Amino acid sequence: MKKIISLALAVTMAVSLTACGGNSNSAGGQEPKVEEGSGQGADSQGAGTVAKQTIKITHPQPEGTPEDMAIKTMAEKIEELSDGAIQCEVYPNGQIGSIPESIQSVQMGVTQIAMGPCAIIASYCEDMALMDMPYLLPQDTSVISQVLNDDVGREFLDRLDSVGIHGMAFWFAGFRLMSSNTDINSVDDMKNMKMRIMESNILTSTYKALGAQPIVIAYAETYNALQNGTVDGQENPAQSIYTMNFHEVQKYLVDTYHDAQTHVLMVNGAWWNKQDDATKAIITEAEIAARKVLDEELPGYTQDCIDKMVEAGSIYHALTDEQVKEFKEATSVVYDEFLTTDWRKGYIPRLQEAFDQAVAAKQ
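Residues numbered from 1 in each chain as written. Predicted model: local features only at pLDDT ≥ 70, side-chain atom pairs only at ≥ 80, totals over all residues. Heavy atoms only, no water.

**What to know about helix α11 (residues 277-311)**
One full turn of an α-helix is made of 3.6 residues, so residues set three or four places apart face in the same direction.
Piece 1. For α11, with 35 residues, the first-to-last C-alpha span of 50 Å sits near the 51 Å given by 1.5 Å per residue.
Piece 2. Of all bends in α11, the biggest is about 35°, found at Leu298, and the proline Pro299 comes one to four residues later.
Piece 3. Positive phi shows up at Gly313, right after α11, with a value of about 120°. (Helix = DSSP H or I, 4+ residues; strand = E, 2+ residues; numbered from the N terminus. Expected span 1.5 Å × (residues − 1). Bend = angle between axes of the 7 residues up to and from the residue.)

As structure tokens, this is what we get:
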């Protein structure tokens, strides 16, 4: 399947935009194929039924992770609510291809649904990179999913419409820990540290503001880069560090709260626009059920991964409030660099206010 998808990506040219927004509600992209003998969108088969079709869903996480459990829940729910009219094929662990390839496959309609991190989606829509602004998200993780999937978050997701993608929801996958072989307690400890990052202008500027040397290395190549000393450290959620065995070649794990892994659950825009209301309702309800599974499973799974890494010899700690304050002040210059449009200047403060209000409401 991966070879077939890769071939389709190679022969199908997609227009990848590096800016997004505007008032257009249209969405581009190649229409996906529907199963032979089935209908699509408004061609549903009568009252109370939906068109028969097969949906391909891809995500980069290993099987058994909270993200994988959530995606499988979504697939099962779609089949259940459609009485089997809609069948789902789930491709975990990058079986379709790399993360950029899976996002491109959705934009072109080769697959219908994918989950991917905002930093990489920013290759198509620059505004999505803003989710990686340092210290944007509150440490109280219980409010993050709620706020990001309320009206203020919907405005953010709608930026994807102009590049042929419909953003269904934000999926919060935990704060990224910094790992290294020297302990991190202050900004001074970051000086000249070679840190592996995913490709992201904001992450690059964040680490430069901390005095480190950010180096872009593919996720699959990170273990070897840590092992052979190409880089000194890296950042990822705890579950990614554990499942990729990065802790085997890193001594310290530090919760710095500087950034989080926030995914978008996205669908091909042209395909989505052709679905009838009943099909959209089924997929939307299934996504909500899936996100609930992710939000419920993630905290325990994250802690379990941390515990297992500590048992294996890693040293874990979280920055204190004072230490966080120092890191936050050092990276504040990143906001001046990237809040460059009227929309960005207005939106990010409104998002921060929404987080503040949600946290205050719990107290």
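**Quick word on the confidence of the model for the protein chain**
Detailed reading of the predicted coordinates is not advisable wherever pLDDT is low.
Piece 1. Here the protein chain shows a mean pLDDT of 89. Residues at 70 or above account for 87%.
Piece 2. Within the model, the stretch residues 6-18 combines pLDDT values under 50 with 24 contacts to residues more than four positions away or in other chains. (pLDDT = per-residue confidence, 0-100. Contact = heavy atoms within 4.5 Å.)

**Let's talk about helix α3 (residues 99-108)**
Piece 1. Burial of α3 is extensive: 7 of the 10 residues sit out of reach of the surface.
Piece 2. Within the sequence span of α3, burial applies to Ile99, Ser102, Ile103, Ser105, Val106, Gln107 and Met108.
Piece 3. Just downstream of α3, Gly109 is the residue with a positive phi angle, here 85°. (Buried < 20%, exposed > 50% of the residue type's maximum accessible area, 1.4 Å probe, protein only.)

**What about the packing of aromatic side chains?**
Piece 1. Applying the stated rule across the entire model yields 7 aromatic pairs.
Piece 2. Seen from their ring centres, Phe172 and Phe175 are 5.9 Å apart, and the 80° between their planes marks the pair as edge-to-face. For the pair Phe172 and Phe175, a shared accessibility class is recorded, and that class is buried. (Phe/Tyr/Trp six-rings, centres within 6.5 Å; stacked < 30°, edge-to-face > 60°.)

**Things to note about the pattern of salt bridges**
Piece 1. Per the counting criterion, the structure on display carries 13 salt bridges.
Piece 2. Asp127 is the salt-bridge partner of Arg159, the closest N and O atoms lying 3.0 Å from each other. With Arg159 in the loop between α6 (151-157) and β4 (165-180) and Asp127 in the loop between α4 (118-121) and α5 (144-148), this pair connects stretches of sequence that are 32 residues apart. In this structure, Arg159 and Asp127 share a single accessibility class: buried.
Piece 3. The salt bridge partner of Arg176 is Asp259, with a shortest N-O separation of 2.5 Å. (Salt bridge = Lys/Arg side-chain N within 4 Å of Asp/Glu carboxyl O.)

**Remarks on the pairing of strand β3 (residues 113-117)**
Piece 1. Counting buried positions along β3 gives 5 out of 5 residues, so the element sits mostly inside the fold.
Piece 2. Covered by surrounding structure in β3 are Ile113, Met115 and Pro117 together with Ala114 and Gly116, the residues of both alternating faces.
Piece 3. In the sheet, strand β1 (residues 53-58) pairs with β3 via 2 bridges, with the strands oriented parallel. Considered in β3, the bridge of Ile57 is made with Ile113.
Piece 4. With 5 bridges joining them, β3 and strand β8 (residues 252-268) adopt antiparallel strand pairing. Its bridge partner lying in β8, Gly116 is registered against Val264. (Pairing = 2+ DSSP bridges.)

**Observations regarding the pairing of β8**
Piece 1. Counting buried positions along β8 gives 17 out of 17 residues, so the element sits mostly inside the fold.
Piece 2. Where β4 lies against β8, 12 bridges are found, and the strand directions are antiparallel. Paired with Ile165 across the bridge in β8 is Asn268.
Piece 3. As defined by bridge partners, β8 adjoins strand β9 (residues 315-318) across 4 bridges and the pair is classed as parallel. Residue Tyr252 lies in a different strand from β9, and its bridge partner there is Ile315.

**Description of a negative patch on the surface**
Piece 1. A cluster of acidic residues, Asp188, Asp321, Glu322, Glu326 and Glu329, forms a negative patch at the surface.
Piece 2. With respect to the helices and strands, Asp188 occurs in the loop between β4 and β5 (194-197). (Patch = residues over 30% accessible without salt bridge, like charges linked within 9 Å, V, L, I, M, F, W, Y side chains within 5 Å. Areas by Shrake-Rupley, 256 points an atom, 1.4 Å probe, with all protein chains shown as cover. Lys, Arg positive; Asp, Glu negative; His and termini not counted. Charge placed at Lys NZ, Arg CZ, Asp CG, Glu CD.)

**Some points on the environment of Phe156**
Piece 1. Here Phe156 lies in helix α6.
Piece 2. Looking at Phe156, the relative accessible area reads 0%, which means it is buried.
Piece 3. Sequence separation of Phe156 and Met128 is 28 residues, and the distance between their C-alpha atoms is 7.7 Å.
Piece 4. If near-sequence neighbours (up to four positions away) are discounted, Phe156 is found in contact with Asp127, Met128, Leu130, Met131, Phe170, Trp343 and Tyr347.

**Describing the nonpolar core**
Piece 1. Grouped together as the largest cluster of nonpolar side chains are 67 residues, with contacts concentrated most on Met128, Met133, Leu137, Phe170, Met190 and Val264.
Piece 2. Counting residues per element, this core draws most heavily on helix α14 (residues 342-362), which supplies 8 residues.
Piece 3. For Val264, the contacting residues outside a window of four places in its chain are Ala114, Met115, Gly116, Cys118, Ile121, Met128, Leu157, Leu160, Gly167, Ala169 and Phe170.
Piece 4. Counting residues in each nonpolar core, the second largest holds 25 residues, with Ile113, Met168, Trp271 and Ala290 among its members. (Core = buried A, V, L, I, M, F, W, Y, C linked by side-chain atoms within 4.5 Å.)

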